[in-house]
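Reading the structure
The chain contents come next:
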Amino acid sequence: MNKALFAGIIAMYLMATSAFATTDTKPVSQWKCEDFLVIDDNFYPTAIGAAEIVTQKGKVEDPTLNISSIETVTPLIVDACKKSPKESFIQKVEEYLKKW
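Residues numbered from 1 in each chain as written. Predicted model: local features only at pLDDT ≥ 70, side-chain atom pairs only at ≥ 80, totals over all residues. Heavy atoms only, no water.

Labelled according to an unreviewed UniProt entry, the protein chain appears under the name Acid stress chaperone HdeA, originating from Providencia vermicola. Reading the Subcellular location (unreviewed entry) entry of the UniProt record for the protein chain gives the comment "Periplasm". Of the comments in the UniProt record for the protein chain, the one headed Function (unreviewed entry) reads "Required for optimal acid stress protection. Exhibits a chaperone-like activity only at low pH by suppressing non-specifically the aggregation of denaturated periplasmic proteins." (UniProt positions renumbered as here; feature names shortened; annotations may be inferred.)

Here we look at helix H4 (residues 67-83)
For H4, built from 17 residues, the straight-helix expectation of 24 Å at 1.5 Å per residue is met to within 8% by its first-to-last C-alpha distance of 24 Å. Where H4 bends most, at Val 73, the angle is about 45°, and the proline Pro 75 comes one to four residues later. Among the residues of H4, those classed as buried are Ser 69, Ile 70, Val 73, Thr 74, Ile 77, Val 78, Ala 80 and Cys 81. Elements in contact with the buried residues of H4: helix H2 (33-37), helix H3 (44-53) and helix H5 (89-98). (Helix = DSSP H or I, 4+ residues; strand = E, 2+ residues; numbered from the N terminus. Expected span 1.5 Å × (residues − 1). Bend = angle between axes of the 7 residues up to and from the residue. Buried < 20%, exposed > 50% of the residue type's maximum accessible area, 1.4 Å probe, protein only. Contact = heavy atoms within 4.5 Å.)

This is the structure in C-alpha cells:
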C-alpha cells in the first residue's frame, strides 16, 4: 500500500512539473504566485498538492496529501497569490496548509 501511494505521489509530482509548465518551464518548487495563477483554474488543487509535498529545494518532503485541506485552502491561496504575485508559491501553500 505504501509503495503504491508513494509511486502515485511521485507520478503526480512529475506530471505537475510538466503539465503546469509556464512559458519559462520551471519546477513547481521555483514558482512565484504569478506562475501559479497562469495555469488553468481546474489545475489549481493539483498544483497545490504538488507544492505540498515538495520543498523549495525540489525534494519530496512528505509523500502524504491532505486532500480535504487542499480543497479548503485553494480559494484562499488563489486570493493570496492575486494580492502578492511576486511571492513564493511554495511559501503560500505552506502558510495556508499549516492553518488547516
